[in-house]
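# Residue-level structure breakdown
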Amino acid sequence: MKRLISRTALGLAVTALAVGGLATTAQAAPAVANGGDPTLTDVYIWATDVNLRQEPTTNSPRLAVRSQWWADAICQKQGQTVHDPAVGTNNWWTAVMELSGSDVAWVNNLYIRGGEKIAGVPDC
């Protein structure tokens, strides 16, 4: 009986670790783009705690903060130059929407996967 209880406890512990590992893996994977406008280019904000601004400048009001998030890109244009010691310097900003028809916000391209200028996103 002790042996059966010991095996059962061990099995439950292994299962709990496996489930916990899967949950951690699922949270670490980037979300998939969905719910947006299929005519717009999907972009991925890879960084954490990225400010979404009303205009392409850091002096503009912050509309939201997002981390590792997909958005629909409307267009991109040059704005205020942003320097982040960990990432680099860029003056290109992309206008994004969270869902089709939602408010437009600006994100500096430093924090969008794709480089200085995002391929597939037209200029404003």
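Residues numbered from 1 in each chain as written. Predicted model: local features only at pLDDT ≥ 70, side-chain atom pairs only at ≥ 80, totals over all residues. Heavy atoms only, no water.

Looking now at the overall build of the chain. Within the chain, the secondary structure is distributed over 1 helix and 6 strands. Secondary structure elements in the chain, listed N-terminal to C-terminal, are α-β-β-β-β-β-β. Burial analysis of the chain (124 residues in total) assigns 29% to the buried set. A sequence separation of at least 24 residues applies to 51% of the contacts in the chain between residues at least 6 apart. Accessible surface, the chain as shown: approximately 7800 Å² in total, 57% of it carbon and sulfur. (Helix = DSSP H or I, 4+ residues; strand = E, 2+ residues; numbered from the N terminus. Buried < 20%, exposed > 50% of the residue type's maximum accessible area, 1.4 Å probe, protein only. Contact = heavy atoms within 4.5 Å. Areas by Shrake-Rupley, 256 points an atom, 1.4 Å probe, with all protein chains shown as cover.)

So, on to the nonpolar core. Counting 21 residues, the largest nonpolar core has Val43, Ile45, Val96, Val107 and Tyr111 as its most contacted members. Listing elements by their share of this core, those giving two or more residues are β1 (41-45), β2 (50-53), β4 (69-84), β5 (88-97) and β6 (104-108). When residues of this core are assigned to their parent elements, the largest contribution, 5 residues, is made by β4. Once residues within four sequence positions are removed from consideration, valine 96 is found in contact with Val43, Leu52, Trp69, Ala71, Asp72, Ala73, Asp103, Val104, Ala105 and Val107. (Core = buried A, V, L, I, M, F, W, Y, C linked by side-chain atoms within 4.5 Å.)

Turning next to the pattern of salt bridges. Using the criterion set out here, one finds 1 salt bridge in the structure. Of the charged contacts, one joins lysine 117 and aspartate 123 as a salt bridge, the two residues approaching to 3.0 Å between their closest N and O atoms. By relative accessible area, which is 38% here, lysine 117 ends up partly exposed. (Salt bridge = Lys/Arg side-chain N within 4 Å of Asp/Glu carboxyl O.)

Here the structure, examined in full by the defined rule, presents 1 disulfide. The disulfide partner of cysteine 75 is cysteine 124, and the gap between their sulfur atoms is 1.9 Å. What sets the handedness of the cysteine 75 and cysteine 124 disulfide is the S-S torsion sign, and at about 85 degrees it is right-handed. Note that cysteine 75 is positioned in strand β4 and cysteine 124 in the segment after β6, a separation of 49 residues in sequence. (Disulfide = S-S within 2.5 Å.)

A word on the layout of surface pockets. Looking at the largest pocket, its volume works out to about 150 Å³. Every residue lining the largest pocket is listed: Leu52, Leu63, Ala64, Arg66, Trp69, Val96, Met97, Glu98, Ser102, Asp103, Val104 and Ala105. When residues of the lining of the largest pocket are traced back to their parent elements, those giving at least two are β3 (62-66), β5 and β6. By residue number, the principal contributor to the lining of the largest pocket is β3, which donates 3 residues. (1 Å grid on protein atoms, 1.4 Å probe; cavity = no way out; pocket = protein on both sides within 12 Å on 5 of 7 lines; lining within 4 Å. Points joined across faces, edges and corners; volume = space filled by probe spheres on them.)

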